[in-house]
Amino acid sequence: MAAVADAGTPPMERAFETLARHGSLTSADLSRLDACGTALHRAVGQEWSSGLVLSGPVEPVAFFERALAAGHAQPALLAGLERLSVQFCDELRDAHLSALPPGLTELKLDACHGLTDAGVQTLSRVCGPSLTSLSFYWNNHLTDRAALQLSLRCSRLRHLSLSGCKGIGSTGILSLASRMRMLEHLDLTRLPLVDDVAVTAIAQASRQLASLRLYADSQLGDPPIIAVAKASGSALTLLDCTGLNKLTDAAIYALAEHCPRLSHLVLSWVLRLTDLSIAAVAARCPLQLLSLHGLRGVTTAALDALAQHRAYTLTALDVRGCTAMGSPTPTDLRARLPRLATFIIHT
């Protein structure tokens, strides 16, 4: 188990959150830490922790089962809890989520493969109205029904990750688009069942998107990218289009025209793009990170445009596999773009 402490967290709270970071804590340790937190709360009149990270097959289950056993008198460990992250716990079940505190604002349930749509319904009922951030990374059991529950009860969400939830398709994304208006960060990585219509709809509904990740959604074409460019405009700072082979220069032209704050752009393996669109986005967007990895049709003309317009903003550039560019080395690139420090970009 580990705890998350903000830089502004009081020293006493940080001390106990540091203790909680030790991954070998047992349920007995948790109980003692809980008791200690209760004592401190009584002594200084404040909760010792507002955020927890639970990881692995044992500790998350022990935590939730202890909370469930407490019934209405939930332990002090849950009092004031605002942020909870549970990772890589296949033993976590839908029923455990009924112990979530109603005031929770940030929740991660990443790689918890035992959870289903029923669990999403439970958490939506218990703490959905207060949630502003939610992540379900890599859960193949979730379907459109889960997305529908989120749309009905979690309308305040600003951060949403459904990365790797391959059972969620266009119907689910359309249900989210029908009610969510506050999204700022959206991750739809590896969702093969979503189509242009659904992603376009949620892009148009979420007009303050700062980041959008569509990694490996190779079925998507230009419409969602053009939609997010027009809808979010100056809010958009990060876009990941890795592997979107259907994209054409038209989508990148839209980014150049409408997104004056776009600083992180990943176009790895978007094979149809040409020098013209890369030059346009270089001229109009304050790029700090750009991946052109695998773009065999991009030539030295694109590099010339980057050197002309982005010599003093670009710090990360990936041109591996850009064979028509002449395979420049890091030394070659830094000679033209002196601020470059990163030459391999992983997303």
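Look above for the structure.
Bear in mind the structure is a predicted one, so any value in this text is a computation, not a measurement. (Residues numbered from 1 in each chain as written. Predicted model: local features only at pLDDT ≥ 70, side-chain atom pairs only at ≥ 80, totals over all residues. Heavy atoms only, no water.)

### Quick look at the overall build of the protein
A tally of regular secondary structure across the protein gives 12 helices and 12 strands. The proportion of buried residues among the 347 residues of the protein is 53%. Partitioning the contacts of the protein with sequence separation of at least 6, the portion at a separation of at least 24 is 75%. Summed over its atoms, the accessible surface of the protein is roughly 14,400 Å², and 54% of this surface lies on carbon and sulfur atoms. (Helix = DSSP H or I, 4+ residues; strand = E, 2+ residues; numbered from the N terminus. Buried < 20%, exposed > 50% of the residue type's maximum accessible area, 1.4 Å probe, protein only. Contact = heavy atoms within 4.5 Å. Areas by Shrake-Rupley, 256 points an atom, 1.4 Å probe, with all protein chains shown as cover.)

### Notes on the nonpolar core
Grouped together as the largest cluster of nonpolar side chains are 98 residues, with contacts concentrated most on L84, L100, F136, L160, L162, L255 and L267. In this structure F136 touches L109, D110, V120, L123, L142, L150, S161, L162, S163 and C165, once residues within four positions along its chain are discounted. (Core = buried A, V, L, I, M, F, W, Y, C linked by side-chain atoms within 4.5 Å.)

### Some remarks on the environment of V197
Looking at the secondary structure, you find V197 in helix α7 (residues 196-205). Sequence-wise, V197 and P224 are 27 residues apart; in three dimensions their C-alpha atoms are separated by 7.6 Å.

### Looking at the environment of L238
Positionally, L238 belongs in strand β9 (residues 238-240). Taking C-alpha positions, L238 is 9.2 Å from L289, a pair spaced 51 residues apart along the chain.

### Some remarks on the pattern of salt bridges
Counted under the stated rule, the structure contains 4 salt bridges. For R213, the salt bridge is made with D240, and the minimal N-O distance between the two is 3.8 Å. Note that R213 is positioned in strand β8 (residues 211-213) and D240 in strand β9, a separation of 27 residues in sequence. According to the relative accessible area criterion, D240 is buried, its value standing at 1%. Residue D304 pairs with R336 through a salt bridge whose shortest N-O separation is 2.8 Å. Of the two residues, D304 sits in helix α11 (residues 300-310) while R336 sits in helix α12 (residues 330-336), which places them 32 residues apart along the sequence. A relative accessible area of 36% means that D304 is categorised as partly exposed. (Salt bridge = Lys/Arg side-chain N within 4 Å of Asp/Glu carboxyl O.)

### Thoughts on helix α8 (residues 222-232)
Of all 11 residues making up α8, 8 are buried, and the element is well covered by its neighbours. Those residues of α8 not exposed but buried are D222, P224, I225, A227, V228, A229, A231 and S232. Contacts made by the buried residues of α8 are with α7, β8, β9 and α9 (249-258). Phi turns positive one or two residues past the end of α8, at G233, with a value near 50°.

### Things to note about the side chain of D240
There is a polar contact of 2.7 Å between the side chain of D240 and the side chain of T242. Every residue in contact with D240, bar those within four places of it in the chain, is listed here: L212, R213, L214, Y215, V266 and T347. (Polar contact = N/O pair within 3.5 Å; in protein donor to acceptor, adjacent residues only side chain to side chain.)

### A closer look at the pairing of strand β2 (residues 51-55)
In terms of burial, β2 is largely enclosed, as 4 of its 5 residues are buried. Of the pairings in the sheet, the one linking β2 to strand β3 (residues 83-87) comprises 5 bridges and is parallel in character. Looking at β3, one finds that L52 is bridged to L84. (Pairing = 2+ DSSP bridges.)

### Brief notes about unusual backbone geometry
Keep in mind that most residues, glycine aside, have a negative phi and that most peptide bonds are trans. Within the chain, R190 stands out as a residue other than glycine whose phi angle is a positive 55°. By relative accessible area, which is 39% here, R190 ends up partly exposed. The backbone phi angle of S327 is positive, close to 50°, even though this residue is not glycine. Tracing the backbone shows S327 in the loop between β12 (316-318) and α12. We classify S327 as exposed; its relative accessible area is 52%.

### Observations concerning the side chain of S232
With respect to the secondary-structure elements, S232 resides in helix α8. Overall, S232 belongs to the buried group, its relative accessible area being 6%. Polar side-chain contacts of S232 include one of 3.2 Å to the backbone oxygen of S206. One polar contact links the side chain of S232 to the main-chain amide nitrogen of L209, over a distance of 3.1 Å. Sequence-distant contacts of S232, defined by excluding residues within four places in its chain, comprise S206, R207, Q208 and L209.

### Re the pairing of strand β4 (residues 106-110)
Across 5 bridges, β3 lies against β4 in parallel orientation. Looking across to β4, one finds that R83 is bridged to E106. Pairing of β4 with strand β5 (residues 133-135), which is carried by 3 bridges, proceeds in the parallel orientation. Each bridged residue has a counterpart across the sheet, and for L107 the counterpart in β5 is L134. For the segment spanning β4, helix α4 (residues 117-127) and β5, crossover handedness is right-handed. (Right-handed = clockwise from strand over helix to strand, strands pointing away.)

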